[in-house]
Amino acid sequence: MEIITQTNRTILFAEINPERLNILTLIGDVRGKSSLDDDKIKEINEQLVVSSFEEFLEKFSPVVYSWCDASSSSIQYSLVKPEKIPDNCITEIPLNELNDLLNMLITLLDAKSAQGVANVDFTFSNVLNMISPQKIMDDIRQVRREIQYTYGKYMELDEGDPKRLDLGDKLNYQFDQASHNYNNVLAMLPLAIEDIKTRLLLGDGETSRGGQDFKAGLLSMGDDGELKILEMKQEESTQLAVVDDGINTSLMETFREDYDALNEEKSDYVRELVARTFCPLSSTMESFVDREVEVNHYNHYLEFYKKSKDDFVKAVKPLIEKILGVKTFFDQYQVKEKAMQPKLLIANVPLDMLVKSANLPRILTYLNTTNDKNEFENTIWFGIVPDVELNQTGGGKLQRLRFAGNQKVEKQGTNSMESLAALMNALLPYRITTFFSFRSGEETTFSYIATEGIDLFKDKCMPLMKRDYSEFVVPCIPNVTIIPKDKSGLILDKRMVMDEDGHVFLSDEKEDTMKMWLEGIYVGAAYEAAGIVAAWQCPEYLKQRFNNTSMEYPGVRFDVEADDNALLAATSMTKEISGFTNAIKNSINHTGFGFVFSSDNAQYKGRNIKNITVYKARNLLSSGTQFEPIYKTLVVTYIERMLRFYSGDFKQDKILKFFSSNPSSQKSRWDTDRQHVNSILQDGDELDFSIDDKNGICNVQVTFANVTKNLKVQLTRKAGESK
């Protein structure tokens, strides 16, 4: 570990935010260059490398752009900033942990993990309703409590008091968070919807059809001890405002001023809505409400909100799934003491753009610098390619559509098999093990494989087999299901109606229930696979799970398929189904195809394993009967890099020392230290070499249980040596 300090740096070949710098832009013109200087590598690390999900959100600030289309009276969304629309007409919606949709999905992930139940038993609706107007308003109420509490403490203190200044800093932050939605009408709609319900229905329709109008009252006790509720007169109501003690009144005015300062196009309605939302006062209750107008507003707001939210989800889902993929990658590294912490380099450019003939030289120059030198801090070991196309032939074309069916929409942003092949061909000299997963959807889930098997995926991978780069290509299945398609519905609210007597209530009719569908949310298995392999490279990760771990070695030789290793090094994801049938398992075991996850019931020493585990960890290099475990490629890569370092770029005399029988040689040290779960050489493994003097080549043979892998390195000879 002193020489090669990390074996888990990973590059993600995907675009997150096109407005941020990408790896092609940062590398720049490479004509006449074979490598990049240290300053350029440092800049790339500062801009594109992240070591946590939080750092990823901060550096790349993923956003979706929205604008209003007056011709269709609708809100449009795009992941790419539109160029022909004025900036003042575009709203940037940040996709961070404050975004209601992303926050809901992260909460759902945590809830599933905490419960450890399969998809069929998990109540998705309890979490999905987090993006309903009512739940959004609940969040606002909590923010409101915190602001009012802080503001009250702030006003109690004298000007210049250091504690008051501290509270002022806190208020500035709280107001900043609250103000993000002032000029986002769509974000204000849930507030407007709940505001109307509050003013007309006292919150959630407590007044039923035919009920009496609400009148404020006071509980009193008569001279004879009888309890009475007396109607409060208007002047009494006005007197109640005195208890506000000026604090809430002042706070309300502050919010009005804040709204005006941040908006050029002001709306009196929105200004008062903001004030009512964050400072509800009895003294501000309106004495007269035009119920018919407010009911029409409410229903229009609700319908517009549903339509806009539907369109928002459709536009943002591909990016949301990438964001959750990055979170999944980092979630696999669960250790008490961080040592070799996985780092992720975000290329931030579409794969088809990166593999263009004009752009590939830039990537190769970068990899010449990171992967072809005896400095290993920046070496790339793994790659992630999500969303590879999965073309399936559908049934015959129907002459007539008799019932509403699924609309076949080609998913945007998928990567072609041709682009993946071009990438792997370019990466071959740099020995980057690349995990890829197929596009998300129902046909790449645990449920699909449990019934249909893996033949579809194996057939799709045929163009990548029997190639020089096959041992570095790892197909990952199945994808993670965050929300199944058939459980992705949520009720936003109900339409409001008014009867002939002017009483207002929420409709109980089925057709008046406003419901939307997320159509399923998934995460590519490549994120999970790369994440778990990057995690187990760290000796601290292995030490936390295995008693026989060496702190001297990374996890390149860790065989997840051996013994109970998969149960002890389970993923962070909760099991989704009850498992695969024996027929499906036999099909997977027949050739050992792919990096396959398991959702089977399992126990280790009486403890139930509730998480998804790794069933197979294979690449596309085949012996004719079996595909090869990825650890073999990683061990050979590790030995090649250690040999290059110790031999001074493959000098023959130093290679002989590396393989000598001297107890202090590197081979001897590995040979005598086989008892650890991460020992470079384990029982049944052999390491040998031979020198081809004529051609100046050193042939290294690494044998794993009678299966030998060959590594050829070109010798560096001194002047005058035979060639």
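Undergrad: How do you make sense of the packing of aromatic side chains when you look at a structure like this?
TA: The way to describe two aromatic rings as a pair is by their centre distance and the angle between their planes. For the structure shown, the criterion picks out 24 aromatic pairs. Between F438 and F457, the ring centres sit 5.5 Å apart and the planes meet at 40°, which makes this aromatic pair tilted. Of this pair, F438 sits in strand β10 (residues 433-438) while F457 sits in helix α17 (residues 455-460), and the two are 19 residues apart along the sequence. When its relative accessible area of 2% is taken as the criterion, F438 is described as buried. The interplanar angle of 80° and the centroid separation of 6.3 Å between the aromatic rings of Y448 and F457 together place this pair among those described as edge-to-face. Just as Y448 is buried, F457 falls in that class too. The rings of F376, Y638, F645, Y646, F658, F659, W670 and F689 are connected pair by pair, giving a single aromatic cluster. Stacked on the ring of Y154, the Lys or Arg R164 has its end atom at 4.0 Å from the ring centre. Its end group placed over the ring of F53, K327 keeps NZ or CZ at 5.7 Å from the ring centre.

Undergrad: In this structure, what is going on with helix α18 (residues 525-536)? I would like to understand it.
TA: In an α-helix there are 3.6 residues to a turn, and that puts residues three or four apart on one side. Between its first and last C-alpha atoms α18 spans 17 Å; for 12 residues at 1.5 Å apiece the expected length is 16 Å, and the two agree. Here α18 lies mainly inside the structure; 12 of its 12 residues are buried.

Undergrad: When you look at the nonpolar core in this model, what are you seeing that I'm missing?
TA: Inside soluble globular proteins, nonpolar side chains tend to come together where they are buried. Grouped together as the largest cluster of nonpolar side chains are 207 residues, with contacts concentrated most on I23, M104, F435, I482 and F595. Element by element, the count of residues in this core is highest for helix α12 (residues 291-331), at 16 residues. Among all residues touching I23, those that are not within four sequence positions of it are I11, L48, L345, A347, V349, L354, I363 and Y366.

Undergrad: What exactly am I supposed to notice about the pattern of salt bridges here?
TA: Counting across every chain of the model gives 25 salt bridges. Here D310 ties to K306 by a salt bridge, and the two come within 2.8 Å at their closest N and O atoms. Separated by four residues within a single helix, D310 and K306 lie in helix α12, roughly one turn from each other. Two residues, K327 and D331, come together in a salt bridge whose shortest N-O distance is 3.2 Å. You can see K327 and its partner D331 sitting in helix α12, four residues apart, about one turn around the helix. Looking at K327, the relative accessible area reads 11%, which means it is buried.

Undergrad: Would you mind showing me how to read the sheet that holds strand β24 (residues 697-704) here?
TA: Within a sheet, each strand pairs with its neighbour through backbone hydrogen bonds, oriented either parallel or antiparallel. In space, the three strands of this open sheet follow the order β23-β24-β25, with antiparallel pairing throughout. With one partner strand each, in any of the chains shown, β23 (685-692) and β25 (707-714) form the two edges of the open sheet. For this sheet, the mean inter-axis angle between neighbouring strands, taken without regard to orientation, is 20°. By the bridge criterion, eight bridges tie β23 to β24 in an arrangement that is antiparallel. The partner of D685 across the bridge, within β24, is F704.

Undergrad: Any chance you could explain the sheet that holds strand β3 (residues 63-69) here in plain terms?
TA: With antiparallel pairing, the three strands of this open sheet are ordered in space as β4-β3-β5. A single partner strand is all that each edge strand has here, and the edge strands are β4 (74-78) and β5 (91-94). Between one strand axis and the next, the sheet turns through 30° on average, direction left out of account. For β3 and β5, the ladder comprises four bridges, and the chain directions are antiparallel. Among the inter-strand pairings, Y65 is bridged to a residue of β5, identified as E92.

The rules behind the values
- Residues numbered from 1 in each chain as written.
- Predicted model: local features only at pLDDT ≥ 70, side-chain atom pairs only at ≥ 80, totals over all residues.
- Heavy atoms only, no water.
- Phe/Tyr/Trp six-rings, centres within 6.5 Å; stacked < 30°, edge-to-face > 60°.
- Helix = DSSP H or I, 4+ residues; strand = E, 2+ residues; numbered from the N terminus.
- Buried < 20%, exposed > 50% of the residue type's maximum accessible area, 1.4 Å probe, protein only.
- Lys NZ or Arg CZ within 6 Å of the ring centre and 35° of its normal.
- Expected span 1.5 Å × (residues − 1).
- Core = buried A, V, L, I, M, F, W, Y, C linked by side-chain atoms within 4.5 Å.
- Contact = heavy atoms within 4.5 Å.
- Salt bridge = Lys/Arg side-chain N within 4 Å of Asp/Glu carboxyl O.
- Pairing = 2+ DSSP bridges.
- Axes fitted to C-alpha atoms, helices over the stretch in contact; angles between N-to-C directions.

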